[in-house]
Amino acid sequence: MEAVLSHLRGAIERGEYAIGAKLPSEAELCRTLEVSRPVLREALRALQTMGLTVSKTGKGTFVVANTVEDPTFGDYAASDLLEVRRHVEIPVAGYAARRRTPENLDHLAHLLDRMERETDTTAWVAMDTLFHLAVAEASQNPVFRRVIEEIRDALARQSAFLNELGGRREQSNREHRAIVEALIDGSAPDAEEAMAHHIDRVETTLTDIVRPKRTDIPTEGGPEA
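Since the structure is predicted, the reported quantities are computational estimates derived from the model, not experimental observations.

**Student:** Help me understand the overall build of the protein chain, please; the structure alone is not making it clear to me.
**Tutor:** Helices and strands together make up the secondary structure of the protein chain, namely ten helices and four strands. Counting from the amino terminus, helix and strand elements in the protein chain follow one another as α-α-α-β-β-β-β-α-α-α-α-α-α-α. Taken over 225 residues, the protein chain has a buried fraction of 41%. If you take every contact in the protein chain between residues at least 6 apart in sequence, the share linking residues at least 24 apart comes to 71%. Per element, the accessible surface of the protein chain, about 12,200 Å² overall, is 48% carbon and sulfur. Here the protein chain holds 28 positive side-chain charges and 38 negative ones, and the gap between their average locations is 4 Å.

**Student:** I'm lost on the pairing of strand β1 (residues 53-56) in this one. Help?
**Tutor:** On a regular strand, each side chain points to the face opposite its neighbour's, so the side chains alternate between the two faces of the sheet. When β1 meets strand β2 (residues 60-63), the two strands line up antiparallel, connected through four bridges. By the bridge assignment for β2, S55 is matched with T61.

**Student:** I'm lost on helix α5 (residues 102-117) in this one. Help?
**Tutor:** Along an α-helix, a turn takes 3.6 residues, which lines up residues three or four apart on a common side. Between its first and last C-alpha, α5 extends 23 Å over 16 residues, near the 22 Å set by a 1.5 Å rise per residue. Inspection of α5 places N104, L105, L108, L111, L112 and M115 among the buried residues, and these make up the whole buried set. When α5 is viewed along its axis, its buried side chains cluster within an angular range of 130 degrees and face the same direction. Among the exposed residues of α5, those oriented more than 90 degrees off its buried face are P102, E103, D106 and R117.

**Student:** It is not clear to me how unusual backbone geometry should be interpreted in this structure. Could you clarify?
**Tutor:** Most peptide bonds are trans, and most residues other than glycine sit at a negative phi. If you check the backbone angles, E34 has positive phi at about 55 degrees while not being a glycine. We note that Q140 has phi near 65 degrees; this positive angle belongs to a residue other than glycine.

**Student:** Before we go on, may I ask you to explain the confidence of the model for the protein chain in this structure?
**Tutor:** In this model, the protein chain carries a mean pLDDT of 89, and residues with pLDDT of at least 70 account for 94%. Within the protein chain, no element has a lower average pLDDT than helix α1 (residues 2-13), which sits at 87, and none a higher one than helix α4 (residues 78-99), at 97. Ignoring residues within four places in sequence, the model shows residues 215-225, a span with pLDDT below 50, making two contacts including any to other chains.

**Student:** I'm lost on the packing of aromatic side chains in this one. Help?
**Tutor:** Ring pairs (aromatic) are described by centroid distance and by the angle formed between their planes. Applying the stated rule across the entire model yields two aromatic pairs. Ring geometry for F73 and F161: centres 5.5 Å apart, planes at 65 degrees, overall edge-to-face. Within this pair, whereas F73 is found in strand β3 (residues 72-73), its partner F161 is found in helix α8 (residues 152-166), the two being separated by 88 residues in sequence. Considered together, F73 and F161 belong to a single accessibility category, that of buried residues. We note K56 situated over the ring of F62; from NZ or CZ to the ring centre the distance is 4.9 Å.

So, how was this worked out
Residues numbered from 1 in each chain as written. Predicted model: local features only at pLDDT ≥ 70, side-chain atom pairs only at ≥ 80, totals over all residues. Heavy atoms only, no water. Helix = DSSP H or I, 4+ residues; strand = E, 2+ residues; numbered from the N terminus. Buried < 20%, exposed > 50% of the residue type's maximum accessible area, 1.4 Å probe, protein only. Contact = heavy atoms within 4.5 Å. Areas by Shrake-Rupley, 256 points an atom, 1.4 Å probe, with all protein chains shown as cover. Lys, Arg positive; Asp, Glu negative; His and termini not counted. Charge placed at Lys NZ, Arg CZ, Asp CG, Glu CD. Pairing = 2+ DSSP bridges. Expected span 1.5 Å × (residues − 1). Arc of directions from axis to C-beta. pLDDT = per-residue confidence, 0-100. Phe/Tyr/Trp six-rings, centres within 6.5 Å; stacked < 30°, edge-to-face > 60°. Lys NZ or Arg CZ within 6 Å of the ring centre and 35° of its normal.

The structure is reproduced here in structure tokens:
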């Protein structure tokens with residue numbers, strides 16, 4: 001899927017598919033790229049998340065931009081989502097460390113164990129959102145849980161995007177483990193630091209996907225136009 005996405009994104013950025021142009025049909029792209037329809041559809045969804053295309057039911061997929069600015073996950077832009085997460089989830093982790101109950105810790109440990117064993121991305125993503133809800137619940141403030149519930153769909157979409165394109169699952173499991181260990185220790189500073197590190201890594205991976213480092217090798221006549 002990453003190869004298909006890279007090919008289509010490159011074609012759009014180079015202007016092979018101009019803004020306003022319609023991409024070839026799914027059947028045609030599958031034949032040309034020699035991939036299955038599910039793989040192609042994942043790549044097309046990623047293009048739409050990046051803001052490069054829109055899908056119109058019954059009409060096809062159309063190019064709306066030739067550069068990636070700010071991916072959108074559900075109703076929220078990635079930059080807005082990250083800003084809110086920093087202001088909400090980091091202090092929430094601190095409150096959770098101070099107020100968590102044995103039941104909260106058992107629930108989080110059980111979720112974490114399941115996530116570390118899970119191999120299916122869809123199932124893992126569902127548990128990822130449950131994990132962040134569980135941390136909010138451990139803060140014993142229902143307003144925090146409501147805030148995380150509001151952005152839950154966006155978190156799930158972002159998580160799926162990062163796992164499909166950034167291979168985040170194992171790293172994220174380690175970051176979640178550090179958060180839970182801080183909660184078990186009852187250390188608010190450690191919990192806040194662990195959550196901040198987790199969100200930092202999310203942002204770094206997202207940036208690497210959205211603005212990949214150039215690896216083009218200049219040809220003999222100089223750099224490519």
